[in-house]
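# Summary of structural features
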Amino acid sequence: MSPEQVQFCYAIVQGTPLKALPNVDLLPKNDIFKNSDFKFYPGIFALWAYRQNNGQEIVKKLQQLFPHEPLPEGFKPASIHEIRNRIREYIFPRVKSSLFPMLQNFATLAGA
């Protein structure tokens, strides 16, 4: 992911994506599963993060995947409930709009 995309993920974990959202066209409407130079899918990361029980686990994974990307100044993870709310609010609508075309592509590739 680009540094801006990683910072957006941190903003989601911090519960403040509105600070990052206006500056980053992170997940264009029908492009949530587009991979980056690292073959990493931002939408899939958000779906993984939603299933976690602790915000610290999400932070640990981001630091493991992107060790050169610093934590935002004054960073403090929100509660897992708040993180899930932000993912539901900012990520799920884009997943929903991207899922159908993606499944149609899978069906075509599978010969269905």
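Structure: see above.
Anyway, here's the lowdown on the structure attached to this text.

### Details of the packing of helix α1 (residues 3-14) against helix α4 (residues 55-65)
Look at α1 against α4: their axes get within 10 Å of each other, and the N-to-C directions meet at 170°. On the basis of their axis angle, the class for α1 and α4 is roughly antiparallel. Together, Cys9, Tyr10 and Val13 of α1 and Gly55, Ile58, Val59, Leu62 and Gln63 of α4 make up the contact between the two elements. Here the residues of the contact of α1 with α4 are counted per class, giving six nonpolar, two polar and no charged.

### Section: the pattern of salt bridges
Two side chains with opposite charge may pair up if their charged atoms get near one another. Counted under the stated rule, the structure contains three salt bridges. Here Glu57 makes a salt bridge to Lys60, at a shortest N to O gap of 3.5 Å. Linking Glu57 with Lys60, this pair stays in helix α4, spanning three residues, or about one helical turn. For Glu57, a relative accessible area of 37% gives the class partly exposed.

### Looking at α1
The end-to-end C-alpha distance of α1, which contains twelve residues, comes to 16 Å, matching closely the 16 Å that a straight helix rising 1.5 Å per residue would cover. Looking one or two residues beyond α1, the residue adopting positive phi is Gly15, at roughly 85°.

Rules used in this analysis
- Residues numbered from 1 in each chain as written.
- Predicted model: local features only at pLDDT ≥ 70, side-chain atom pairs only at ≥ 80, totals over all residues.
- Heavy atoms only, no water.
- Axes fitted to C-alpha atoms, helices over the stretch in contact; angles between N-to-C directions.
- Helix = DSSP H or I, 4+ residues; strand = E, 2+ residues; numbered from the N terminus.
- Parallel < 35°, antiparallel > 145°, perpendicular 65-115°, else oblique.
- Contact = heavy atoms within 4.5 Å.
- Nonpolar A, V, L, I, M, F, W, Y, C, P; charged D, E, K, R; others polar.
- Salt bridge = Lys/Arg side-chain N within 4 Å of Asp/Glu carboxyl O.
- Buried < 20%, exposed > 50% of the residue type's maximum accessible area, 1.4 Å probe, protein only.
- Expected span 1.5 Å × (residues − 1).

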